[in-house]
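# Structural description and commentary
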Amino acid sequence: MTGLKLIWIVPILPLLGAITNGLIGKLLSKRAVTFVALGSTGFSALFALFAFIELLSLDPSSRISESILFTWIESDKFIAEAGIQIDPLSGVFMLIVTGVGFLIHIYSVGYMGHEDGYSRYFAYLNLFMFSMLLLVLGNNFLIMFIGWEGVGLCSYLLIGYYYDKNSAVDAGKKAFVVNRIGDFGFILAIMWIFWTFGSIDYTSVFPVAHEVLPIGGFTVTGITLLLFIGATGKSAQIPLYTWLPDAMEGPTPVSALIHAATMVTAGVYMVARCNALFNIAPTSMIVVASIGAITALFAATMGLYQYDIKRVLAYSTVSQLGYMFLACGLGAYVAAVFHVITHAFFKACLFLGSGSVIHGLSGEQDMRQMGGLKKLMPLTHITFLISTLAIAGIPVFAGFFSKDEILLSAFFGETQGHLIYWALATTAAAVTSFYMFRLYYLTFSGVLRSTDQHVRDHVHESPPVMTAPLAILAGLAILGGLLGLPIIKDAHILKSFLAPVFSTRGAIEQPHPPMQIEFLLMAVSVGVAVIGIMVARYFYYTNPESAKKLAKKEGWIKIVYRTIQNKYYVDEIYDAIFVKPIFLASRDLLWRIFDMKVIDGLVNGIANFFYKLSQTIRKTQTGFVRNYAMIMVLGVVAVISVWFIVLGD
Amino acid sequence: MKQLVIPDVSLGAVGPEIVLVVTAILLLLLEVFTARKEKGYLAYTALGGVLLASAMTANMNGYTEMNFSGMYVVDNFASFFKLVCLLGTGMTILVSVTYTINEGISNGEYYALLLFATSGMFFMISGSDMVTIFMGLEVMSISLYALAGYTRNREKSNEAALKYFVLGALASAFLLYGIALIYGATGSTKLAIIGDSLRTGIANYHLIIIGAALLVVGFGFKISAVPFHMWAPDVYQGAPAPVTAFMSSGPKAATFAAFLRVFNEALPSMQADWWQIFWILSVMTMTVGNIMALRQTDVKRMLAYSSIAHAGYILMGFTTGDWFGVSAILFYMLVYTFMNIGVFAVVTIVARKNEEKTTFEDYTGLGYKHPIIGVTLVVLLFSLIGIPPTAGFVGKFYIFMSALQQGYVWLVIIAVVNSVISVFYYLRLTIVMYMTEETTEALPSLSLSPSLVTALIISIYGSLWLGVMPSSYITFAQAASLIP
Amino acid sequence: MSQYIPVLFMLAVAGAISVGMVLASELLGPKFKFREKMEPFECGEVQASSSKQRFSIRFYLVAMMFIIFDIEAVFLFPWAVTFQALGVFGFIEMMIFILILAAGLIYIWKKGVLDWE
């Protein structure tokens, strides 16, 4: 038990690393910076592993340990403690964060070796690890929120890491602001929870939730929907997904760690953590599942015709996150967490692989300039292939198990319209396997299409410091599925491990489908995946010219193609609805003075509204004392009259 | 001959005030007897006075006394606010050292005026009689008018002083009229007696309402609550940067103290009415402040609106009328003083001579040309936004909680929406700092003196430490929360 | 309220008479406007200079100092009258007051406010 009380060491170590590198990193040699960064995360990962083993050694019912570090805010009406809690759910996330985080740190040593601001990079990355661990290990909503804001902040800093590139700075700002909109929902939810329960500790909210709140009541629906708004922001779901593709402006290891494996799954963690609340809010569950299913398909189709290798992966991340939310919405939290785990492995591997490709091609990100890397970068190729198979859902590989479990729970779910979810998710699976293999064939098969002589001459396999993490992650992408094997009767390893966390009260009973149908469904999902691969193979491997022909074709195909290529014109639609009218009304003032392309879409519309309002109010600020005095006197009259009206006499 | 009754006098209770006033007078004398080149030590003399006063005030912790015929009260509430004011004054002095030398205004009068203003704040904070409060307010205000126009050669500074003076006089008149009406209704200017006569119901209720409304106006002006905020942007922009820093901290805290004391000691029986007034004022103040800040091109002006918005958040604590809200205000004021003066310290550094460089463009590339200043400003701005784990977050969270506790759900929702809006303009500054449009003109390098660095370190300490370990400060604030 | 009606009536009559007289002179009276007549003081003398001229700042300083020391005198008189009753306490208080003003006097003296040139 003592080991678990010391669990705070796990987040503290990266914090120390961040402080050291952040404050005196510039004075240290590169080797020392590397040592501090890797040492702190490495030991943190090791501690996390020990703690996890200790957790496993406990009796399943007592697998929870809380330790209060200090009282943060105290009053007799409100207490917030800085407390750390470990239970199976946070344990799993802790392992992913420290494990994948450590591998990506190693990889970064190679990838960022030539960059300026080496110490700054690692300081941010360590700070991110700290915040993320705080998020998953906190014992109350406030700590989770602090971690939540912290990861958002680090994400902002790291997206804008290449601050001499204005697009990177803009992308960082966009991510930050969009996330703040989500956070607005989250903080309101926290306050509402406090108002309802008189506490924000998990232990005093979740066990009593079903007693305090009626099922499907206004309060619980409101709280859970607000929480989910927070989750859509952080996990890039419709409608707040637009920041994630832009976030690819950051360094690739950052995309792997933050924008694929860990931070974006924070929303899933939050929904899973609050399962006791979501379970008694059926309306919210439908919203979560619907948003998840729609995002899964929508984002997958957007990945179809992107040419930037990282943007394809970004859309695929959005799509896979959609799967996780679909699972949450169906009450299949275990499947969601399972998919988080496998996704962390194969998506981190894919991103690092793409990083390795970009590194090998001197920074080229356009897939039309790639090709034929199978021979030139053999290790990257093989790991990439494994992860692609995993994401496509081919059996044996990890992605198959987790995705299949989500599809199964959609098919057998008891939520209304669950078959629609299943259809959407299965279609998305086919699309996924298509665009992932399109990516694979464009990058690795055929011949190198780059015309740049410099790029052609310098193609090289990445150094071992980069390929070793790839190999480990690829191995995990194969073996990760083992967690889902039904070793214990009626429940696989992960399910029985996580069981104590997920409240069964009000939960949707998971069905025990007949084996034959289960196998049939597996066959269907594998079938669509294979079809997707075959189509991709036809267009981009066997017959590469046909894709171009298709693109040139007239008629409805062209319209579909164009629509998808332009990301469904979402930015343009937002533009037309919110931005254009205001823009036309005040073209000169709004756009000449300010660079309004801060964040596009909806956010722009809202921003413009306030700018416009600001412009109107601004007219009162004339600079003349007489007008100021006049307004003051009017204020006096207003206060007095309001007071009398309020009193009513 | 009839023996006169001399009221009880306790010099110990006004010890810090005496120290401040004596130091100020001493500074005036030293000013005229010191050669122009040797005036550097005057700032440190002033600082010494502030430190001594702080020590004496801190020593009064837990000590409650009513003095001077019930016109002056020393309690935890007063001591807390006084320490906040002294913090503001001390940091302002640190920020001013280099500034006054660069601008050629390194005079004893400058520091004397700061100390006189601080002593005025003390009288406001400790006044348990409307007359004491009004006197303190005037001492503070008149010193501030002079300070606002201190850089006489800058037109903007003159404009600021004049506008501040004219509008301030108007606000004082309203305040005085309010005091007179309340006196007329209750027959006393002592807060405790007003409170009693209201409870017993012998006072003329209508007169009291008009009087209280006028008090709201008078105090609302000083804390720049909408619609009495119009002076703030012009004055904040025009006044010398360290003076602006000063104005946004101590005087605001002192006015809030007097405001709280008057409404919670003299008019608590009307709380059911006035919380609605403050509800409206709070919403208007934070919304107008934030929305107006969006469009500013001048950093000082943007900060003026941000200061208005923060006054709106603080007003949320008023609506509650219980100790929770009051302690939230106390804590917020402390946090706000730390972070805001830090921001103005950076503004002072960047503005350079004659305060020419105060627009957003002047911050272009600051982040990597001067990484330390850049990071400092980013931390302080994040604290102003209220991002954990900075102190700004705890302050906001605490004050929102206090409002929520009373069930003002909509107020909290509006406040949270407002703090999302505020992200835009604070973030715009940080973005500008990390953009790389090459500036063609070679700017003179920034001068970082030890005193400025000290001020920055204090503000960073406050903005971070109060965010990570706020509990002991919150305990202080609760012990000082006036209402049991 | 009825006892106020005469007052109201009186107010109305007074207002009507004054407005009526001004209006009558404005409407009936002959008007000759020439430069001398439009001057502030219509007494035959030609104006020496504009009344809107600037004064030396020193006037203000002296005026301010006058007020300060005038107030000192205002405080000193009642103090002197009740000197016996106030006793030592009163003496010390007044000395502190005078000392503060003396410090102010030294300050303005050294600042050169008293030098007219």
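Given the structure is predicted, the values throughout are model-derived calculations rather than measurements.

The rules behind the values
- Residues numbered from 1 in each chain as written.
- Chains lettered and ligands numbered in written order.
- Predicted model: local features only at pLDDT ≥ 70, side-chain atom pairs only at ≥ 80, totals over all residues.
- Helix = DSSP H or I, 4+ residues; strand = E, 2+ residues; numbered from the N terminus.
- Buried ≥ 20, exposed ≤ 12 C-beta atoms within 10 Å, placed from the backbone.
- Contact = placed C-beta atoms within 7 Å.
- Axes fitted to C-alpha atoms, helices over the stretch in contact; angles between N-to-C directions.
- Parallel < 35°, antiparallel > 145°, perpendicular 65-115°, else oblique.
- Left-handed = near helix turned anticlockwise from the far one by under 90°.
- Nonpolar A, V, L, I, M, F, W, Y, C, P; charged D, E, K, R; others polar.
- Core = buried A, V, L, I, M, F, W, Y, C linked by C-beta atoms within 7 Å.
- Expected span 1.5 Å × (residues − 1).
- pLDDT = per-residue confidence, 0-100.
- Pairing = 2+ DSSP bridges.

Helix and strand counts for chain A come out as 30 helices and 2 strands. Here chain A holds 649 residues, and the buried ones make up 56% of them. In chain A, the share of contacts with a sequence separation of at least 24, taken over all contacts with a separation of at least 6, comes to 80%.

Across its full length, chain C carries 4 helices and 0 strands. Here chain C holds 117 residues, and the buried ones make up 1% of them.

Most of helix α12 (residues 266–273) of chain A sits inside the fold, with 8 of its 8 residues counted as buried. Taken together, the buried positions of α12 of chain A are Ala266, Gly267, Val268, Tyr269, Met270, Val271, Ala272 and Arg273 of chain A.

Before going further, it helps to spend a moment on the packing of helix α16 (residues 371–385) of chain B against helix α19 (residues 450–468) of chain B. Residues and elements named next belong to chain B. Relative to each other, α16 and α19 sit at 40°, their axes nearing to 10 Å. Relative to α19, α16 is oriented oblique. Crossing angle aside, the handedness with which α16 passes α19 is left-handed. Of the residues in α19, those touching α16 at Thr376, Val379, Leu380 and Ser383 are Leu456, Ser459, Ile460, Ser463 and Leu464. Residues belonging to the contact of α16 with α19 are distributed by class as follows: 5 nonpolar, 4 polar and no charged.

As a further point, take the nonpolar core. Counting 431 residues, the largest nonpolar core has Ile190, Leu326, Ala336, Val337, Ala348, Ala425 and Ala477 of chain A as its most contacted members. Looking at this core element by element, the count peaks at 23 residues for helix α14 (residues 323–351) of chain B. Beyond its immediate chain neighbours, meaning those up to four positions away, Val337 of chain A contacts Leu89, Val92, Ala272 and Leu498 of chain A.

So, on to the environment of Gly233 of chain A. Residue and element names in this part refer to chain A. If you trace the backbone, Gly233 turns up in helix α9 (residues 218–234). Overall, the presence of 28 C-beta atoms within 10 Å leaves Gly233 in the buried class. Sequence-wise, Gly233 and Phe176 are 57 residues apart; in three dimensions their C-alpha atoms are separated by 9.8 Å. What Gly233 contacts, discounting residues up to four positions off in sequence, is Val178, Asn179, Ile181, Gly182, Asp183 and Leu240.

Residue and element names in this part refer to chain A. Of note, Ala266 is situated in helix α12. Residue classification places Ala266 among the buried residues on the basis of 25 C-beta atoms within 10 Å. C-alpha of Ala266 to C-alpha of Ile200: the two residues are 66 residues apart in sequence and 18 Å apart in space. Contacts of Ala266, omitting those with residues within four sequence positions, involve Leu135, Trp148, Val151, Lys234 and Ser235.

Once that is clear, we can look at the interface of chain B and chain A. Each side of the interface is counted separately: chain B has 54 residues, and chain A has 53 residues. Among the secondary structure elements, those contributing two or more residues to the side of chain B that touches chain A are α6 (155–186), α8 (205–222), α9 (231–238), α12 (271–293), α17 (391–405), α18 (409–433) and α20 (471–479) of chain B. Looking at the side of chain B that touches chain A, the element that brings in the most residues is α18 of chain B, giving 10 residues.

Moving on, we come to helix α19 (residues 398–412) of chain A. Here α19 of chain A spans 22 Å end to end across 15 residues, near enough to the 21 Å set by a 1.5 Å rise per residue. Burial of α19 of chain A is extensive: 15 of the 15 residues sit out of reach of the surface.

All names here are of chain A. Taken as a whole, chain A shows an average pLDDT of 79; of its residues, 86% reach a score of 70 or greater. Summarising per-element confidence for chain A, the mean pLDDT is lowest in helix α28 (residues 587–593) (35) and highest in α12 (90). Note that residues 578–600 has pLDDT below 50 and, in this model, 30 contacts with residues that lie over four places away or in other chains.

Cis geometry marks the peptide bond from Val226 of chain B to Pro227 of chain B; its omega dihedral reads 5°. Turning to its location among the elements, Pro227 of chain B is positioned in the loop between α8 and α9. The residue after Pro388 of chain B, namely Pro389 of chain B, is reached through a cis peptide bond having omega 5°. Position of Pro389 of chain B among the secondary structure elements: in the loop between α16 and α17. The backbone of Ala236 of chain A shows a phi angle near 55°, a positive value even though the residue is not glycine. Mapped onto the elements, Ala236 of chain A comes out in the loop between α9 and α10 (243–246). Ala236 of chain A gets classed as buried once you count the C-beta atoms within 10 Å, which come to 31. Here Ser69 of chain B, not a glycine, exhibits a phi torsion of approximately 55°, which is positive. Its location among the elements puts Ser69 of chain B in the loop between β1 (65–67) and β2 (72–74). The partly exposed category is assigned to Ser69 of chain B, around which 13 C-beta atoms lie within 10 Å.

We now examine the packing of helix α7 (residues 166–197) of chain A against α9 of chain A. All names here are of chain A. Two elements in contact, α7 and α9, have axes whose closest approach is 7 Å; the angle formed by their N-to-C orientations is 155°. Relative to α9, α7 is oriented roughly antiparallel. Relative to α9, α7 is oriented so that their crossing is left-handed. Of the residues in α9, those touching α7 at Val178, Asn179, Ile181, Gly182, Asp183, Gly185, Phe186, Leu188, Ala189, Trp192, Ile193 and Thr196 are Thr219, Gly222, Ile223, Leu226, Leu227, Ile229, Gly230, Thr232, Gly233 and Lys234. Considering only residue class, the contact of α7 with α9 consists of 11 nonpolar, 9 polar and 2 charged.

The next point concerns the confidence of the model for chain C. Residue and element names in this part refer to chain C. Within chain C, residue pLDDT values average 84, and 89% of them lie at 70 or more. For chain C, helix α2 (residues 35–38) is the element with the lowest average pLDDT, namely 70, and helix α1 (residues 5–28) is the one with the highest, namely 91. Predicted complex metrics record ipTM = 0.87 and pTM = 0.80.

In this fold, Phe519 of chain A is placed in helix α24 (residues 515–542). Distance from Phe519 of chain A to Leu226 of chain A, taken between C-alpha atoms, is 38 Å for residues 293 residues apart in sequence.

Turning our attention to the pairing of strand β2 (residues 79–86) of chain A. Within a regular beta strand, the side chains point alternately toward one face of the sheet and then the other, so they alternate between its two faces. Residues and elements named next belong to chain A. The buried fraction of β2 amounts to 7 of the 8 residues, a majority that puts the element mostly inside the structure. Of the strand pairs in this sheet, strand β1 (residues 65–74) and β2 are connected by 8 bridges, and their pairing is antiparallel. Residue pairing across strands places Phe70 opposite Ala82, the latter belonging to β2.

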